[in-house]
Amino acid sequence: MSSKDSLKDVAVTTLDGKRVRLGELAPGAALVVNVASKCGLTPQYSALEKLAREYGDRGLTVIGVPCNQFMGQEPGTAEEIQTFCSTTYGVTFPLLAKTDVNGADRHPLYAELTTVPDASGEAGDIQWNFEKFLLAADGTVVNRFRPRTEPDAPEVIAAIEKILS
């Protein structure tokens, strides 16, 4: 990806099989999170949905990226994932098709995202489910939050407020 390209131009597939540019799903800022239904961190869906509702009209879109690469914790079909997310956590934000975030078949979106360092300066592979990337409206990655950082942690809220101000 060249410097003139934006992550907003990366093609992604939604959970219902539509091919779109990331910018079509998230015209403003975005919080991109690899998610799983059978993980100890799965309750983070509640806080992600709360962020989507609280900051949606200010331009933030939460995007869930189901991934089965961490101990098979997202084994379901697209329909099962959608049903689980909507009935268990009331998820209304967009979900992508099941995606590889690490390894040889890593999605091009994650090939770019994993080059971004976290707060301690460490880039590289996704560590686990629920790793979060905050993108500004222009598609630049402004923050990377590791899986155990809750979506409503003060540092995440401060980063969202900063890019939406």
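Up top is the structure.
Not measured: the values here are computed from a predicted model.

Enquirer: Describe the overall build of the chain, listing the residues and the values that go with them.
Expert: When its secondary structure is counted, the chain shows five helices and six strands. Each helix and strand of the chain, ordered N terminal to C terminal, gives the series β-β-α-β-α-β-α-α-β-β-α. For 165 residues, the compact-globule formula gives about 15 Å, and the C-alpha radius of gyration of the chain, at 14 Å, lands near that figure. Its C-alpha atoms put the chain at 35 × 35 × 30 Å along the principal axes. Residues classed as buried in the chain amount to 50% of the 165 residues present. Counting contacts in the chain only where the partners sit at least 6 residues apart, residues at least 24 apart contribute 65% of the total.

Enquirer: With reference to specific residues and values, describe the sheet that holds strand β6 (residues 141-145).
Expert: Within the open sheet, the four strands sit side by side as β4-β3-β5-β6. Their pairing is mixed. Looking at strand neighbours, the two that pair on one side only are β4 (60-66) and β6, the edges of this open sheet. Averaged over all pairs of adjacent strands, the angle between their axes in this sheet comes to 15°, without regard to strand direction. Here strand β5 (residues 132-135) pairs with β6 via four bridges, running antiparallel.

Enquirer: An account of helix α2 (residues 44-55) is needed here, citing residue identities and associated values.
Expert: Given 3.6 residues per turn, any residue in an α-helix points the same way as the ones three and four places further on. Along its twelve residues, α2 runs 16 Å from first to last C-alpha, staying within 8% of the 16 Å computed at 1.5 Å per residue. Among the residues of α2, those classed as buried are Gln44, Tyr45, Ala47, Leu48, Glu49, Leu51, Ala52 and Tyr55. Tucked inside the fold, the buried residues of α2 contact β3 (29-35), β4, α3 (78-89), β5 and α5 (154-164).

Enquirer: Please set out α3 residue by residue, giving values where relevant.
Expert: Between its first and last C-alpha, α3 extends 16 Å over twelve residues, near the 16 Å set by a 1.5 Å rise per residue. All buried positions along α3 are accounted for by Ile81, Cys85 and Tyr89. Projected onto a plane normal to the axis of α3, the buried residues spread over an arc of 25° and lie on a single side. Along α3, the residues that are exposed and aim more than 90 degrees away from the buried face are Glu79 and Thr87. Where α3 is buried, its residues meet α2 and β4.

Enquirer: How would you sum up the packing of aromatic side chains? Please name residues and give values.
Expert: Ring pairs (aromatic) are described by centroid distance and by the angle formed between their planes. Taken as a whole, this structure holds six aromatic pairs when the rule is applied. Ring plane angle 25° and centroid distance 6.4 Å describe the contact between tyrosine 45 and phenylalanine 93, whose orientation is recorded as stacked. Here phenylalanine 93 lies in the loop between α3 and α4 (108-113) and tyrosine 45 lies in helix α2, a separation of 48 residues in the sequence. By the burial criterion, tyrosine 45 is buried, and phenylalanine 93 matches it. Aromatic pair tyrosine 45 and phenylalanine 130: ring centres 5.6 Å apart, planes at 90°, arrangement edge-to-face.

Here is what the cut-offs are and how they apply
- Residues numbered from 1 in each chain as written.
- Predicted model: local features only at pLDDT ≥ 70, side-chain atom pairs only at ≥ 80, totals over all residues.
- Heavy atoms only, no water.
- Helix = DSSP H or I, 4+ residues; strand = E, 2+ residues; numbered from the N terminus.
- Rg over C-alpha atoms; globule rule 2.2 N^0.38 Å.
- Buried < 20%, exposed > 50% of the residue type's maximum accessible area, 1.4 Å probe, protein only.
- Contact = heavy atoms within 4.5 Å.
- Pairing = 2+ DSSP bridges.
- Axes fitted to C-alpha atoms, helices over the stretch in contact; angles between N-to-C directions.
- Expected span 1.5 Å × (residues − 1).
- Arc of directions from axis to C-beta.
- Phe/Tyr/Trp six-rings, centres within 6.5 Å; stacked < 30°, edge-to-face > 60°.

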